[in-house]
Number of protein chains: 2
Amino acid sequence: MSIQARRERERAEREQLIVTAARELAESEGWDAVTTRRLAEEIEYSQPVLYSHFKGKDAIMAAVALEGFADLAVELRAARTSETDPRRALAAVGAAYAVFGERRPALYDAMFTHAVDLRFDNAETPPALREAFGEFLEAVRPLARDDDLETLTETFWSGLHGLLTLMRNGRLRRDHHEQRLALLLSRFSG
Amino acid sequence: MSIQARRERERAEREQLIVTAARELAESEGWDAVTTRRLAEEIEYSQPVLYSHFKGKDAIMAAVALEGFADLAVELRAARTSETDPRRALAAVGAAYAVFGERRPALYDAMFTHAVDLRFDNAETPPALREAFGEFLEAVRPLARDDDLETLTETFWSGLHGLLTLMRNGRLRRDHHEQRLALLLSRFSG
DNA sequence: CTCTTGTACCTAGCGCTGCTAGCAAGGAGA
DNA sequence: TCTCCTTGCTAGCAGCGCTAGGTACAAGAG
């Protein structure tokens, strides 16, 4: 039993190695640089090994995204619980989300722009993502009034997402980022 | 002179043929299906002909996007001028934008998700895009109060963009789309 | 009308991609 | 010790964006 256990452990470690290498490579050189050959070289195994762990490149990106959700949830939670006033808490969560997206654009893309094979709106939603969205929910809840909480949260989140993605693609004036954030917050803190 | 004129005219026609073929192919089968080989076959010329018109595939996508901006501007203008009440006008513009993005997702992607080599925030912003954004500006203006008009418009637009892109990637519940739209509008009509 | 020049276009191919078939080596169990 | 099976490799496929080099045809000169 111990031999098989060791093997499974080593296999799990290698899988983690793949995901980490993919994330680091994407964060340092962008997803275009993450090719299966490059990734194989990085982990010091041959290309086909990747396919014994993941169905394909998309699945690797999905695994990276999943780690990102966990990271994001932690940061959002820290931001939310750092403030007691509901308005300030929402502002903190929004700011933390924006910082996350700005600081780790490649990871953010894997989570919210690519990797369509991860469904978000059904029972198979990854727990880590559910948790991250939960932080948004709790931050919005005290300010929801008569509006449906989940719908309102989705809308607020979409606003943040739009601000980040449009700015990063050069569609918005970068030097007005903070003002836009403040404006969005003011409109959802009423 | 007339011979050269005819040639230039034919060349312009062929360039339009390329852009149209790219747009139609993208809209019917997605941008992944738009390869240079496939596109060449579609216009019944060889591959290198594409490169005598455009620097590369990205430039073709940018040309498609440019056409999209013109289309969008027309539709936004129609929506805005169809209502006299400022709130209803903004709602109409928002709805028209959402419909555009939903009905022509591939075109929308070329305009706002891919094609980074088109700058939006400087002097070289394409006139068609300037016009489309101008419709947003005019729709928001009557409701701007003390907020900076351009910044507020960018924020509102980002909200719409976020709603569309997140929903299309399966990140939002599709059956709550209208509610989210209404919520966003209510927050920007105050 | 013939010859030369230039241009418009095509065939072929480069280096890369994601992915897979088929083989060789090594450890596990009889 | 022999056999089997797992593991990871080499090699290769089809397709990608893009380009070099050559051909055939039209335009202008003598």
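Each chain has its residues counted from 1, following the order in which its sequence is written. Written order decides the labels, with chains lettered from A and ligands numbered from 1. For a predicted model such as this one, the threshold for reporting local features is a pLDDT of at least 70, and the threshold for listing and counting side-chain atom pairs is 80 or more; totals across whole chains, interfaces and linings nevertheless cover every residue.

Undergrad: How do you make sense of the overall build of chain A when you look at a structure like this?
TA: When you go through chain A residue by residue, the secondary structure sums to 9 helices and 0 strands. Under the DSSP-based scheme used, a helix requires at least four consecutive residues in state H or I and a strand at least two consecutive residues in state E, with every element numbered from the N terminus. Counting helices and strands in the order they occur from the N terminus, chain A gives α-α-α-α-α-α-α-α-α. For every residue, the other C-beta atoms within 10 Å of its own C-beta are counted; 20 or more classify it as buried, 12 or fewer as exposed, and values in between as partly exposed. C-beta atoms are placed from the backbone. Sorting the 190 residues of chain A into buried and exposed places 39% on the buried side.

Undergrad: Explain the interface of chain A and chain B here, please?
TA: Interfaces are often sized by the accessible area lost when the parts come together. What counts as a contact is two residues whose backbone-derived C-beta atoms lie within 7 Å of each other. Across the contact, 31 residues belong to chain A and 31 residues belong to chain B. Taken together, the elements giving at least two residues each to the side of chain A that touches chain B come down to α8 (149-168) and α9 (177-188) of chain A. Per-element accounting of the side of chain A that touches chain B gives the leading share, 11 residues, to α8 of chain A.

Undergrad: Help me understand the domain arrangement of chain A in this model?
TA: Residues and elements named next belong to chain A. As assigned here, chain A comprises domain 1 (1-53) and domain 2 (57-188). These domain limits were set by an automatic method or by a database of domain assignments. The centre of domain 1, based on its C-alpha atoms, is set 28 Å off from the matching centre of domain 2. The partner domain 2 presents 10 residues to the 9 residues of domain 1 that form the contact. Considering every element that reaches the side of domain 1 that touches domain 2, the biggest residue donor is helix α1 (residues 2-29), with 6 residues.

Undergrad: How should I be thinking about the UniProt feature "domain: HTH tetR-type" (unreviewed entry) in chain A in this particular structure?
TA: Under the UniProt annotation, the feature "domain: HTH tetR-type" (unreviewed entry) is placed at residues 12-72 of chain A. Structurally, residues 12-72 of chain A comprises 80% helix and 0% strand, and the distance from its first C-alpha atom to its last is 23 Å. UniProt positions are given in the numbering used here, feature names are shortened, and annotations may be inferred rather than shown by experiment.

Undergrad: Looking at this structure, how should I read the protein's contact with DNA strand C?
TA: Near residues are defined by distance alone, with the backbone-placed C-beta atom required to lie within 6 Å of the molecule or strand. The environment of DNA strand C is formed by 16 residues, the closest being Thr35, Thr36, Gly56 and Lys57 of chain A together with Ser46 of chain B. Going through the elements one at a time, α2 (36-43) and α3 (47-53) of chain A together with α3 (47-53) of chain B are the ones with two or more residues in the surface near DNA strand C.

Undergrad: Could you clarify how one ought to interpret the protein's contact with DNA strand D in this entry?
TA: Taken together, 17 residues lie around DNA strand D, and Ser46 of chain A together with Thr35, Thr36, Gly56 and Lys57 of chain B are the ones closest in. The set of elements that each furnish at least two residues to the surface near DNA strand D consists of α3 of chain A together with α2 (36-43) and α3 of chain B. No other element matches α3 of chain A, which puts 4 residues into the surface near DNA strand D. Polar here means any residue outside two lists: the nonpolar Ala, Val, Leu, Ile, Met, Phe, Trp, Tyr, Cys and Pro, and the charged Asp, Glu, Lys and Arg; Gly therefore counts as polar. Of the residues belonging to the surface near DNA strand D, the class tally is 6 nonpolar, 7 polar and 4 charged.

Undergrad: Would you explain the nonpolar core in this entry?
TA: What tends to happen in soluble globular proteins is that the nonpolar side chains get buried as a cluster. What makes a nonpolar core is a set of buried Ala, Val, Leu, Ile, Met, Phe, Trp, Tyr and Cys residues, with links drawn between C-beta atoms within 7 Å. Judged by nonpolar contacts, the single largest core of 110 residues is most densely connected at Ala22, Val64 and Val93 of chain A together with Ala22, Val64 and Val93 of chain B. Setting aside anything within four residues of it in sequence, one finds Val93 of chain A in contact with Leu76, Ala79, Arg80, Glu135, Phe136 and Ala139 of chain A.

Undergrad: Would you take a moment to explain the UniProt feature "DNA-binding region" (unreviewed entry) in chain A for this structure?
TA: Here, UniProt's "DNA-binding region" (unreviewed entry) annotation points to residues 35-54 of chain A. Note that residues 35-54 of chain A is 75% helix and 0% strand, and that its end C-alpha atoms are spaced 14 Å apart.

Undergrad: It is not clear to me how the environment of Asp85 of chain B should be interpreted in this structure. Could you clarify?
TA: All names here are of chain B. Its place among the elements puts Asp85 in the loop between α4 (57-81) and α5 (86-103). In this structure Asp85 comes out as exposed when scored by C-beta crowding, with 10 C-beta atoms within 10 Å. Expressed as a C-alpha distance, the spacing of Asp85 and Lys55, which sit 30 residues apart in the sequence, is 46 Å.

Undergrad: Looking at this structure, how should I read the relation of the copies chain A and chain B?
TA: The operation relating the two chain copies consists of a rotation about an axis and a shift along that axis. Of the transformation superimposing chain A on chain B, the axial component is 0.0 Å and the angular component is 180°, with the fit at an RMSD of 0.1 Å. The relationship between the two copies is best expressed as a two-fold rotation axis. A shared interface surface links the copies, since 100% of the contact residues of chain A are contact residues in chain B too. Superposition of the copies was done by least squares, using only C-alpha atoms of residues whose pLDDT is at least 70 in both.

Undergrad: I would appreciate a short explanation of the environment of Asp32 of chain B in the present structure.
TA: Along the chain, Asp32 of chain B turns up in the loop between α1 (2-29) and α2. Note: C-alpha distance between Asp32 of chain B and Ala73 of chain B (41 residues apart in sequence) is 26 Å.

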